[in-house]
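Coordinate analysis (summary)
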Amino acid sequence: MSVADNIRNSIIDKLLTISNKEYLSALYQLVSTSAVTDDIVKLSEAQILMLNMSEDDIKNNRITSYDELDKADLEWLKNL
């Protein structure tokens, strides 16, 4: 994985932990107004595998609703 991929994945991991709507909105504005290039992103074999696994989960109805996930997260946080 390239350095850019590692940085991107690290940012995504951190974003997933943020629940403050105002903070997320500000970040969204920053990213939305940034210059975007038309560079083609080359996915690693691991990323392609994960995407294929996700598609298979969706096709076979192995999914969790956002509400169910949110409840599970809250339960997990209570047990910390």
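Residues numbered from 1 in each chain as written. Predicted model: local features only at pLDDT ≥ 70, side-chain atom pairs only at ≥ 80, totals over all residues. Heavy atoms only, no water.

1. A word on a negative patch on the surface
Together, Asp67, Glu68, Asp70 and Asp73 give the surface a local cluster of negative charge. Summarising the element assignment, Glu68 is placed in helix α4 (residues 66–78). (Patch = residues over 30% accessible without salt bridge, like charges linked within 9 Å, V, L, I, M, F, W, Y side chains within 5 Å. Areas by Shrake-Rupley, 256 points an atom, 1.4 Å probe, with all protein chains shown as cover. Salt bridge = Lys/Arg side-chain N within 4 Å of Asp/Glu carboxyl O. Lys, Arg positive; Asp, Glu negative; His and termini not counted. Charge placed at Lys NZ, Arg CZ, Asp CG, Glu CD. Helix = DSSP H or I, 4+ residues; strand = E, 2+ residues; numbered from the N terminus.)

2. With respect to the pattern of salt bridges
With the rule as written, the count across this model stands at three salt bridges. As a salt-bridge pair, Asp5 and Arg8 come within 2.8 Å of each other at their nearest N and O atoms. Placement of the pair is Asp5 and Arg8 together in helix α1 (residues 3–15), with a separation of three residues, close to one helical turn. Arg8 sits in the partly exposed class, given a relative accessible area of 38%. In this structure, the salt-bridge partner of Asp57 is Arg62, at a minimum N-O distance of 2.8 Å. What makes Arg62 partly exposed here is its relative accessible area of 46%. (Buried < 20%, exposed > 50% of the residue type's maximum accessible area, 1.4 Å probe, protein only.)

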